[in-house]
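Reading the structure
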Amino acid sequence: MQLEDSARPAALEVEDSVRLDDRTRRDTMTINMGPQHPSTHGVLRLILTLDGETIVKAVPDIGYLHTGIEKTAEVKSYFKALVVTDRMDYLAPLANNYGYSLAVEKLLGIDVPAKARIARIALVELQRIASHLVWLGSSALDLGAQSVFLYCFRERELILDIFELCSGVRMMTSYIMPGGLQADLPPGFDAKVRAFLKLFPDRLREYHDLLTNNRLWIDRTKGIAPISGEDALAFGCSGPTLRGSGVVYDVRKAFPYGGYEQFDFDIPVGSNGDVYDRYLIRMLEMEQSLRIIQQAMDALPTGAWQVADQKIVPPPKYEVSSNMEALIHHFKLYTEGYRPPAGEVWVRTESPKGDLGFYMVSDGSAKPYRMHVRAPSFANLQALPKMVEGMLLADVVAAIGSIDIVLGEVDR
Amino acid sequence: MADEVQIEGAPLLATPVNPLAEASVALLTDRFGAGVLAVTEHRGETTVTLDPAILVEACRALRDAQNLRYSLLEDITAVDWPEREPRYDIVYQLVSIETRASIRLKAQIGGEVDPDPEIASVMSVWPAADWFELEIYDLFGVTFTGRGEMRRILMPTDWDGHPLRKDYPISGFSLPDPHWGGQAPLDQPLPPGIGKLTLRTSDGSEQPNIAQRSEDDA
C-alpha cells in the first residue's frame, strides 16, 4: 500500500509565516484543538489557524469515531440492524430507532396501531428533552457555568428512569422497533410521565433564571458565531442550527410523519443566527415538547402496541412455549427475518439535532442492501468554519456547543 | 417471495401524493429531454435517473425554478451494485423549504470499463455537497470533479480500499493480530520502534506493518 500524498488533508500543510516585504512578515499559528479536548463533545479535531487570538481558518477533522455502522447494517437482518442505530446519536437513541423503524415500515408498506403511533411520539419528545438537557448542561459547562450541568442531569435522570421502566435499559433501549414497540407500555408509565410533566416547567424556569438574562451568559453567546439563513441553508444545516438563523423548517411541520399532524405545537424560530438564538430555540423547544407529550398522554388509546403480523414482530413468549406456529414464527424471525419487497425509501424525521434521514434500499432479501443515514450533526458541522472564522478562539467552544453535535452520529 | 410479508395483521401505509414531484419531472423532461433516463415511483417517492453529463445543469434548474425552489440539498449517497453495469448509483435527495417539494435524483456511473469512476460535483449549486461528496469518495472511491481536492474524511488518510463497496470484506483483514499495535506490558521496556513502524503479534514477536510489507512485496 502506498501513502497517497493527495489523500492528506490540505490543512496539515499550512504555511504559518508569510513574508510581506523585506522587513515585515505576518505570522499565524496553527494549532490542534482536540480530538481529546473536553469541549469538543467527543472526538472532534479542529485544526485552527490563529492570528493572535483571532481564527483565520478552521478545518474540522472528523472520523475518529467511525465505526462502520452502515456497513454493519448490511450484514444484519432488518430486525437486528435496529440495535446499531441506537449507537449513532447516543444522546437520543430513541429518535434514531424511530427514524429507522419508519423507514423499514415504509419499505414493508405497513402502518402501526394507534397506541404505538402515539406512544412513540411521546417517547421521542421525551428523548428530545433529554437530549436538549445534555446539550444545555454541557454547553453551559463549556462556558464555565458549572451548576447548570448538575441540574440538567438531575432532570435527565427522570426521563431515563421512564425509559428504564419501559425497556429495562436507560439509554440504548431499541424500544421503538419496526412494527411498533418492543413491549407494551408498563403500568406505571402514565403516572411517571405525568409526574414529569408536572415537575418540568418549574425546572425549565430555573434554567431560564440561571442563564437567559445572565449577563455573563449573554456576553459569551450574543452575537457570537453568527450564520445567516442563506448560508445555513446552503451548508445543509437543519434543526435548531437552521432555525436559529430565521429559516422556518421543521420536518414535523413541513413533512408530518407518524401522526405529528394531529398535534398542536409551535416551532420556535430565531433571527440573529448566533449562539444565543440557538440556545433560546432549544429552550423553547423543550416547552413545545412538553405540550406534545401532554397531548399524547391524553390521547393515548388502549389496544395493540405492535402489528399483529408475527412475521415482523416476535410472538409473545407464552405462546412460543405452547403454540407450534408461534414457535416457528419465533425461530424464523430470529434466524432469517422478513423480506421487504425490492425498492428504496427515504424517511426524514426531526431528531433533536435536526433533519435525520434514513435511506434504505431493499433488494428483496432479508438484509438491508444499503442503509444510509443522513446525520444532522454531520451537515451542521460543515457550517462550523463559516461560523467561527473571524471570531476569537474562546468563541469556538461556544460555537461547538451551540450546534449540538454528537460525534457518534457525525462519524457513524 | 417478496409478497410473503403482505398479510393481514398490519394496516397498510398510506402513500402521500406529491404533485410538485410531477412538476419537477415535467421540468426536467422539458429542459433536458433525452437526459432523463428513467422516472420511477415507489411508496409515493419519485426517483429521476439522469444522464451524469447533465446532472449539474439539472440540479441548477431545479434549484432556480420559481415554482419548485429546491433550496436544501438534504443528502448525497451512493449504492454499489457490483453485478450491474454501470455499477454505482449516486443518489441526491432534494427538498424545498419554501414549496415543500421533495425529489430524488440518481446518476449511474462506473463499472467494468470504468473502475475509478468520476462524476461532476454539485458543490457549485449547493455548498452542502462538500462533505457528502468527500464521504462517498472515502467509502466508495468515486471521484467528484470540478471542486477542491478529494480526501478521505472518515477513514484514516493512509487507508487502503473503500469500505462500503460490496467487494470489501466486513471482516478478515490481513493485518497481524492485534492489529492496532498490541498492548505493551507495563512492567517491561518497550522494544525500539514500537508503535511507529512495527506491529507486535500476540506472541510478542515484531512484524513490519502493512505498509512496509506491501512495499517489500513490490
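As the structure is a computational prediction, the values presented were derived from the model and not from experiment.

Assigned secondary structure in chain B consists of four helices and nine strands. If you list the helices and strands of chain B from N to C, you get α-β-β-α-β-β-β-β-α-β-β-β-α. In chain B, which comprises 218 residues, the share counted as buried stands at 45%. Considering only contacts in chain B between residues 6 or more positions apart, those separated by 24 or more positions represent 49%. If you sum the accessible surface of chain B, you get close to 10900 Å²; carbon and sulfur atoms cover 52% of it.

So, about the packing of helix α6 (residues 189-212) of chain A against helix α11 (residues 275-299) of chain A. Residue and element names in this part refer to chain A. One can describe the packing of α6 onto α11 by two numbers: an axis separation of 10 Å at closest approach and a directional angle of 160°. By the angle class used here, α6 and α11 are roughly antiparallel. As α6 runs across α11, the sense of the crossing is left-handed. Looking at the contact of α6 with α11 residue by residue, the classes come out as 17 nonpolar, three polar and four charged.

Moving on to the pattern of salt bridges. Using the criterion set out here, one finds 44 salt bridges over all chains in the structure. Across the pair A:Asp111 and A:Arg117 runs a salt bridge, and its minimum N-O distance is 3.9 Å. Residue classification places A:Asp111 among the partly exposed residues on the basis of a relative accessible area of 21%. Looking at A:Arg117, the relative accessible area reads 24%, which means it is partly exposed. Here the salt bridges do not stand alone but share partners, grouping A:Lys106, A:Glu344, B:Glu45, B:Arg84, B:Asp89, B:Arg104 and B:Lys106 into one network.

Let us look at the packing of aromatic side chains. Tallied over the entire structure, the rule returns 17 aromatic pairs over all chains. Look at A:Phe196 and A:Phe200: their rings are 5.0 Å apart centre to centre, the planes differ by 20°, and that puts the pair in the stacked class. Remark: A:Phe200 and A:Phe196 occur in helix α6; sequence separation between them is four residues, near one turn of the helix. A:Phe200 carries the same exposure label as A:Phe196, and that label is buried. Feature note: the residues A:Tyr98, A:Tyr257, A:Tyr260, A:Phe263 and A:Phe265 constitute an aromatic cluster, connected by ring pairs. Over the ring of A:Tyr369 we find B:Lys166, and its NZ or CZ is 3.9 Å from the ring centre.

Here we take up the sheet that holds strand β5 (residues 54-61) of chain A. All names here are of chain A. Taken in spatial order, the three strands line up as β3-β4-β5 in an open sheet, and their pairing is antiparallel. Sheet topology places β3 (29-33) and β5 at the edges, where each strand pairs with a single neighbour. Between one strand axis and the next, the sheet turns by 20° as a mean value, whatever way the strands run. Bridge count between β3 and strand β4 (residues 45-51): five bridges; the pairing is antiparallel. Residue Asn32 lies in a different strand from β4, and its bridge partner there is Ile47. Each of β3, β4 and β5 is contacted by helix α16 (residues 393-403), which is oriented at about 150° to β4, the strand it contacts most.

Once that is clear, we can look at helix α4 (residues 114-142) of chain A. Residues and elements named next belong to chain A. Compared with the 42 Å implied by 1.5 Å per residue over 29 residues, the 42 Å span of α4 between its first and last C-alpha is a close match. The element α4 is extensively covered by neighbouring structure, given that 25 of its 29 residues are classed as buried. Following α4 by one or two positions, Gly144 has its phi on the positive side, about 100°.

A few words now on the interface of chain A and chain B. In many analyses, interface size is given as the accessible surface area lost on bringing the parts together. Contacts between the two partners involve 65 residues from chain A, matched on the other side by 69 residues from chain B. Where chain A abuts chain B, roughly 5800 Å² becomes buried across the two surfaces, and 60% of that area is made up of carbon and sulfur atoms. Between the two partners, chain A and chain B, sit six salt bridges. In this structure, the salt-bridge partner of B:Glu45 is A:Lys106, at a minimum N-O distance of 2.5 Å. Our count for the chain A to chain B interface comes out at 23 residue pairs in polar contact (both at pLDDT 80 or more).

With that out of the way, let us pick up the nonpolar core. Of all hydrophobic cores here, the largest spans 170 residues; its most connected members are A:Leu136, A:Tyr249, B:Ile90, B:Tyr92, B:Leu105 and B:Val122. Examining the composition of this core, we find that 14 residues originate from one element, α4(A), more than from any other. Apart from the residues lying within four places of it in its own chain, the contact partners of B:Val122 are B:Leu55, B:Val56, B:Cys59, B:Leu73, B:Ile76, B:Tyr92, B:Ala129 and B:Glu133. Core analysis: the second largest hydrophobic core is formed by six residues, A:Trp346, A:Val361, A:Tyr369 and B:Val79 among them.

Take the sheet that holds strand β2 (residues 45-50) of chain B next. Residues and elements named next belong to chain B. With mixed pairing, the five strands of this open sheet are ordered in space as β1-β2-β5-β4-β3. Of all the strands in the sheet, just β1 (36-42) and β3 (72-80) have a single pairing partner and so form its edges. The sheet shows a mean angle of 20° between the axes of neighbouring strands, direction not considered. Taken together, the six bridges between β1 and β2 define a ladder with antiparallel strand orientation. The residue bridging Val39 from the neighbouring strand is Val48, located in β2. Against the sheet, helix α3 (residues 129-140) contacts β3 and β4 (88-95), and its axis sits at roughly 10° relative to β3.

Right, let's talk about the confidence of the model for chain B for a bit. Residues and elements named next belong to chain B. Of the residues in chain B, 70% reach a pLDDT of 70 or more, and the chain-wide mean stands at 76. Element-level mean pLDDT values for chain B span from 46 in helix α4 (residues 210-217) up to 92 in β4. Every residue in residues 1-7 is under pLDDT 50, and counting partners more than four places away or in other chains gives 14 contacts. Contacts for the low-pLDDT stretch residues 209-216, under 50 throughout, to residues beyond four places or in other chains number 13 contacts.

So, on to helix α13 (residues 324-335) of chain A. Residues and elements named next belong to chain A. With twelve residues, α13 extends 17 Å from end C-alpha to end C-alpha; this agrees with the ideal 16 Å at 1.5 Å per step. The distance from a side-chain oxygen at the start of α13 to the backbone nitrogen of Glu325 is 2.8 Å, and the residue carrying that oxygen is Asn323. Following α13 by one or two positions, Gly337 adopts a phi angle in the positive range, close to 85°.

As a further point, take a nonpolar patch on the surface. All names here are of chain A. Together, Met324, Leu327 and Ile328 make up an exposed nonpolar region whose accessible area comes to about 290 Å². Looking at the element boundaries, Leu327 is found in helix α13. Overall, the relative accessible area of 38% leaves Leu327 in the partly exposed class.

Residues and elements named next belong to chain B. Looking at where Gly141 falls in the secondary structure, it is placed in the loop between α3 and β7 (143-145). Taking relative accessible area as the criterion, Gly141 reaches 6% and is therefore assigned buried. Residues Gly141 and Leu164 lie 23 residues apart in sequence; the distance between their C-alpha atoms is 9.1 Å. Those residues in contact with Gly141 that sit more than four places away from it in its chain are Pro117, Ile136, His162 and Arg165.

Criteria and cut-off values
Residues numbered from 1 in each chain as written. Chains lettered and ligands numbered in written order. Predicted model: local features only at pLDDT ≥ 70, side-chain atom pairs only at ≥ 80, totals over all residues. Heavy atoms only, no water. Helix = DSSP H or I, 4+ residues; strand = E, 2+ residues; numbered from the N terminus. Buried < 20%, exposed > 50% of the residue type's maximum accessible area, 1.4 Å probe, protein only. Contact = heavy atoms within 4.5 Å. Areas by Shrake-Rupley, 256 points an atom, 1.4 Å probe, with all protein chains shown as cover. Axes fitted to C-alpha atoms, helices over the stretch in contact; angles between N-to-C directions. Parallel < 35°, antiparallel > 145°, perpendicular 65-115°, else oblique. Left-handed = near helix turned anticlockwise from the far one by under 90°. Nonpolar A, V, L, I, M, F, W, Y, C, P; charged D, E, K, R; others polar. Salt bridge = Lys/Arg side-chain N within 4 Å of Asp/Glu carboxyl O. Phe/Tyr/Trp six-rings, centres within 6.5 Å; stacked < 30°, edge-to-face > 60°. Lys NZ or Arg CZ within 6 Å of the ring centre and 35° of its normal. Pairing = 2+ DSSP bridges. Expected span 1.5 Å × (residues − 1). Buried area = accessible area lost by both parts, 1.4 Å probe. Polar contact = N/O pair within 3.5 Å; in protein donor to acceptor, adjacent residues only side chain to side chain. Core = buried A, V, L, I, M, F, W, Y, C linked by side-chain atoms within 4.5 Å. pLDDT = per-residue confidence, 0-100. Patch = residues over 30% accessible without salt bridge, like charges linked within 9 Å, V, L, I, M, F, W, Y side chains within 5 Å.

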